[in-house]
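Observations on the three-dimensional arrangement
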Amino acid sequence: MLPSEFVERYSVERRGTASLKWDGLEARFGDPDLLPVWVADMDFRVPEVVVDALRARVDHGVFGYGIIPGSFYEAYQGWLESRHGLHTEKAWIRCAMGVVPALYWFVNAFTDPGDAVLIQTPVYYPFHNAIRDTGRKLVASDLRYHDGRFTIDFAGFEKAIVDNDVRLFILCSPHNPAGRVWTEDELDRMLGICQEHGVIVVSDEIHHDFTFGDATHVPALSVAGGRYASGTVIVDSASKTFNIASLGLATAVIPDASLRARYDAYTRRQYDPSVLGLVGAEAAYRGGAEWLEALKQVVVANYARVKQGLEEALPGAVVCQLEGTYLPLIDLRAVIPATQTHAFVQNHCKIAVDYGEWFGKSWEGFVRVNLATQPRYIEELIERLGTGYRTWTGERA
């Protein structure tokens with residue numbers, strides 16, 4: 001399926017549907033008339049197989065407590081093995097209501113109040129919240145940044161662990177919002193440092209299906225032939241891959257029996273799986289691959305257009321490298337003073353974005369945009385930024 005065919009077939013109007021992205025603008029940003037390119041969901045309908053499976057379950061008419069059927073395990077395990085080369089056992093798999101709730105559970109299950117938990121900033125802001133809200137000590141190791149590309153400061157990473165007696169590391173792989181798909185060598189070094197210092201690793205791999213070009217996602221449990229599996233868990237979801245976040249389902253893989261026991265002891269009686277989430281995710285894993293591949297072509301085309309368009313419209317702006325996710329950062333610091341980013345982007349250009357400082361205090365002047373949208377909105381984004389920049393600079397001339 002060509003990108004143009006995908007856009008024509010799956011584009012949908014989301015205004016007036018209680019959409020957080022579109023209808024929540026006034027509550028979130030104080031302005032209902034912004035162009036929303038912020039929160040990470042898509043402006044496309046889900047695969048038909050998902051709609052059909054949900055419709056059949058809804059027609060049954062009963063929405064009581066459920067269990068995880070064997071068919072779901074088979075579909076999920078098959079997806080991980082066929083797409084990412086990761087073999088799993090059914091006994092290792094757990095479900096949660098979402099990746100973010102699962103992160104809170106992992107922090108509570110694997111650490112005590114006051115313990116230090118490490119993240120690599122800039123990183124998805126619920127990572128910060130899961131640490132602070134549970135009374136743990138947040139330790140941040142900044143990624144290195146140069147000319148649109150992020151890399152790991154391994155010396156700083158290890159120093160942060162040693163200096164703060166870190167007990168848990170929340171890894172983002174692929175990394176949101178840095179757009180990096182970590183190589184196996186990079187993962188091996190990080191996980192090796194964690195193993196040496198007795199740090200448990202929780203790897204958020206929710207964006208694992210969005211990799212581009214030569215980048216290949218390596219599950220943390222696969223690194224070095226599974227060398228680090230005894231101290232590592234992964235958590236992911238069909239929600240990002242197939243745009244079904246509101247169905248409320250995430251999956252975790254915990255190979256180590258002692259870590260599973262700690263997780264189970266904490267989560268016992270806290271969660272009954274979402275029946276519709278299980279139905280939707282299973283259908284997507286079984287029949288959504290063609291839809292996903294076409295969507296990824298749309299993301300690639302949108303990225304190329306943003307990169308080209310902003311290089312022309314905002315000389316000096318840097319659209320950061322996108323190896324994975326559909327959420328690139330744009331470095332505006334050479335164009336607009338970092339302290340004026342909000343005023344320029346929101347008040348002047350009338351665009352809703354995620355701001356760099358939401359992901360870490362060192363990253364003011366960056367914005368994150370969502371490319372899983374219709375190309376016409378990408379054109380509008382470029383036009384608003386370009387026109388806004390010309391009038392902004394004219395007013396200050």
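Residues numbered from 1 in each chain as written. Predicted model: local features only at pLDDT ≥ 70, side-chain atom pairs only at ≥ 80, totals over all residues. Heavy atoms only, no water.

**A word on the overall build of the protein chain**
Operational definition: Segments assigned H or I by DSSP are reported as helices when at least four residues long, segments assigned E as strands when at least two residues long, and all are numbered from the N terminus. The globule rule is 2.2 Å times the number of residues to the power 0.38, and the radius of gyration it is compared with is taken over C-alpha atoms. The buried label applies to any residue whose accessible area, calculated with a 1.4 Å probe on protein chains only, is under 20% of its type's maximum; exposed applies above 50%, and partly exposed to all values in between. Note on areas: Shrake-Rupley with a 1.4 Å probe; residue coverage comes only from the protein chains shown.
Each helix and strand counted, the protein chain has 15 helices and 15 strands in total. Relative to the 2.2 N^0.38 estimate, which gives 21 Å for 397 residues, the radius of gyration of the protein chain is 21 Å and therefore close to what a compact globule would have. By principal-axis analysis of the C-alpha atoms, the protein chain measures approximately 65 × 55 × 40 Å. Considering the protein chain as a whole, with its 397 residues, one finds that 56% of them fall into the buried category. Surface accessibility of the protein chain: about 16,100 Å² in total, with carbon and sulfur atoms responsible for 49%.

**Structural notes on the pattern of salt bridges**
The condition is simple: Salt bridges are identified by distance alone: a Lys or Arg side-chain nitrogen within 4 Å of an Asp or Glu carboxyl oxygen.
Enumeration according to the criterion identifies 23 salt bridges in this entry. Linking K159 and D163 is a salt bridge whose minimum nitrogen-to-oxygen distance equals 2.5 Å. Of this pair, K159 and D163 both sit in helix α8 (residues 154–164), four residues apart, roughly one helical turn. The exposure class of K159 is exposed, given its relative accessible area of 53%. The partner of R305 in a salt bridge is E379, and the shortest N-O contact between them spans 2.7 Å. Taken as a pair, R305 in helix α13 (residues 289–313) and E379 in helix α15 (residues 375–395) lie far apart in primary sequence, 74 residues in all. R305 sits in the partly exposed class, given a relative accessible area of 26%.

**Quick word on unusual backbone geometry**
The omega torsion of the bond from T121 to P122 falls at 5°, within 30 degrees of zero and hence cis. Inspection of the secondary structure assignment puts P122 in the loop between β3 (116–121) and α7 (125–132). Here N176 and P177 are connected by a cis peptide whose omega angle stands at 20°. Here P177 is to be found in the loop between β7 (166–172) and α9 (184–196). The phi dihedral of D165 falls on the positive side, at around 50°, and the residue is not glycine. Along the chain, the position of D165 falls in the loop between α8 and β7. Despite not being glycine, K350 has its phi angle at roughly 60°, a positive value. Looking at the element boundaries, K350 is found in the loop between α14 (341–348) and β13 (351–352).

**Focus on the sheet that holds strand β14 (residues 354–355)**
Convention followed: Pairing between strands is defined by DSSP: at least two bridges between them are needed.
If you walk across this open sheet you meet the four strands as β11-β12-β15-β14, and the pairing is antiparallel. Bordering the open sheet on either side are β11 (318–319) and β14, each of which pairs with just one other strand. The pairing of strand β12 (residues 329–331) with strand β15 (residues 366–368) spans three bridges and is classified as antiparallel. Directly across from D331, in β15, lies its bridge partner F366.

**Details of the side chain of N370**
Spelled out, the test is: Polar contacts here mean pairs of N or O atoms no more than 3.5 Å apart (in protein, one a potential hydrogen donor and the other a potential acceptor; neighbouring residues in sequence count only if both atoms are side-chain atoms). Residues count as neighbours in contact if any of their non-hydrogen atoms are within 4.5 Å of one another.
If you trace the backbone, N370 turns up in the loop between β15 and α15. Residue classification places N370 among the buried residues on the basis of a relative accessible area of 1%. One polar contact links the side chain of N370 to the main-chain carbonyl oxygen of V39, over a distance of 2.8 Å. Among all residues touching N370, those that are not within four sequence positions of it are K21, V37, W38, V39, A40, D41, Y326, L327 and I378.

**So, helix α5 (residues 70–84)**
For the record, the criterion: The length a helix should cover is 1.5 Å for every residue beyond the first.
Under the 1.5 Å per step criterion, the end-to-end length of α5 is 21 Å for 15 residues, consistent within 8% with the ideal 21 Å. Of all the positions in α5, only F72, Y73, A75, Y76, Q77, W79, L80 and H84 are classed as buried. In the core, the buried residues of α5 are packed alongside β2 (93–96), β9 (232–236), α10 (238–242), β10 (250–253), α12 (275–287) and α13. Where α5 ends, the next residue or the one after it, G85, has phi of about 65°, a positive value.

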